[in-house]
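Chain by chain, the residues run as shown.
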Amino acid sequence: MIHKIIYKLYLYYIRRKPNFDIKQGVRVKGIPLIKVNSDGRLIVGENVVLNSRNETYHINMHSPIKLLADRKGAEIVIGDNTRIHGSCIHAYKKIQIGRNCLIAANCQIIDGSGHDLSFDDVDNRINTIGEAKEITIGDSVWVGANSIILPGVNIGEGSVIAAGSVVIKDVPPFSVAGGNPAQLIKTYK
């Protein structure tokens, strides 16, 4: 009972933020870590589940959900009826997740590398911020546990990313991809 009160208060608090657009029916389990730049945006669709509670999930979650849009103009958009479990979504530019998606625990979805390669001046690498490339995850996509989605990737509607995959290139609609790096396993349309 106390958990439900805390989550309702948390939803009330984040709905009051001017750059957050949290629709009705959003369910928060546990307390996610959310940081959005004052020029950034967080849009969460109707009936989204943000689950950070390890005790109610079927595999072990290492951390709560982390939603970061911490650069100027960065944006995270999560479509209606999507469920996200203990994963990090870090937008330097924009990450768009479609409707009816399943994001399993311990996934990392990041549209920037954090640093430039800087082979011409490796001592300065630590001072670089890296380039960002938008990520789009289509409607009804299932991203398996412990997967990593890297900058610039587009995952087509209805696709499945096998658990533990590292996705470095686009995945066509209605396909299964898996591995490190993820390879196309099968297409269904």
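Thresholds applied
Residues numbered from 1 in each chain as written. Predicted model: local features only at pLDDT ≥ 70, side-chain atom pairs only at ≥ 80, totals over all residues. Heavy atoms only, no water. Pairing = 2+ DSSP bridges. Helix = DSSP H or I, 4+ residues; strand = E, 2+ residues; numbered from the N terminus. Salt bridge = Lys/Arg side-chain N within 4 Å of Asp/Glu carboxyl O. Buried < 20%, exposed > 50% of the residue type's maximum accessible area, 1.4 Å probe, protein only. Patch = residues over 30% accessible without salt bridge, like charges linked within 9 Å, V, L, I, M, F, W, Y side chains within 5 Å. Areas by Shrake-Rupley, 256 points an atom, 1.4 Å probe, with all protein chains shown as cover. Contact = heavy atoms within 4.5 Å.

(A) Just the sheet that holds strand 20 (residues 182–187), in detail. Spatially, eight strands are ordered 2-5-8-11-14-17-19-20 in an open sheet, and the strand pairing comes out mixed. Single-partner strands in this sheet number two, and they are strand 2 (27–29) and strand 20. Note that strand 2 and strand 5 (residues 49–51) share three bridges and pair parallel. Directly across from V28, in strand 5, lies its bridge partner L50.

(B) Up close: the pattern of salt bridges. Applying the stated criterion to the full structure yields five salt bridges. A salt bridge links D21 to K23; its shortest N-O distance comes to 2.8 Å. Of the residues examined, D21 reaches a relative accessible area of 29% and is grouped as partly exposed. As a salt-bridge pair, K94 and E75 come within 3.4 Å of each other at their nearest N and O atoms. Linking K94 in strand 10 (residues 94–97) with E75 in strand 7 (residues 75–78), this pair joins segments that are 19 residues apart in sequence. The exposure class of K94 is partly exposed, given its relative accessible area of 22%. Among the charged side chains, a network of salt bridges with common partners joins R41, E75 and K94.

(C) Structural context of a nonpolar patch on the surface. A grouping of L117, F119 and V122 is seen on the molecular surface, where their side chains present a nonpolar patch of about 360 Å² in accessible area. For L117, the position within the fold is in the loop between strand 12 (108–110) and strand 13 (135–137). Here L117 falls in the exposed class, since its relative accessible area comes to 60%.

(D) Looking closely at the pairing of strand 20. The pairing of strand 19 (residues 175–179) with strand 20 spans five bridges and is classified as antiparallel. Looking at strand 20, one finds that G179 is bridged to A182.

(E) Broad picture of the pairing of strand 19. Across two bridges, strand 17 (residues 160–161) lies against strand 19 in parallel orientation. Directly across from V160, in strand 19, lies its bridge partner V176.

(F) Expanded view of the environment of K133. Considering the arrangement of structural elements, one finds K133 in the loop between strand 12 and strand 13. Taking the C-alpha atoms as reference points, K133 and A91, separated by 42 residues in sequence, lie 9.2 Å from one another. Other than its neighbours up to four places away in sequence, K133 contacts D111, P151 and G152.

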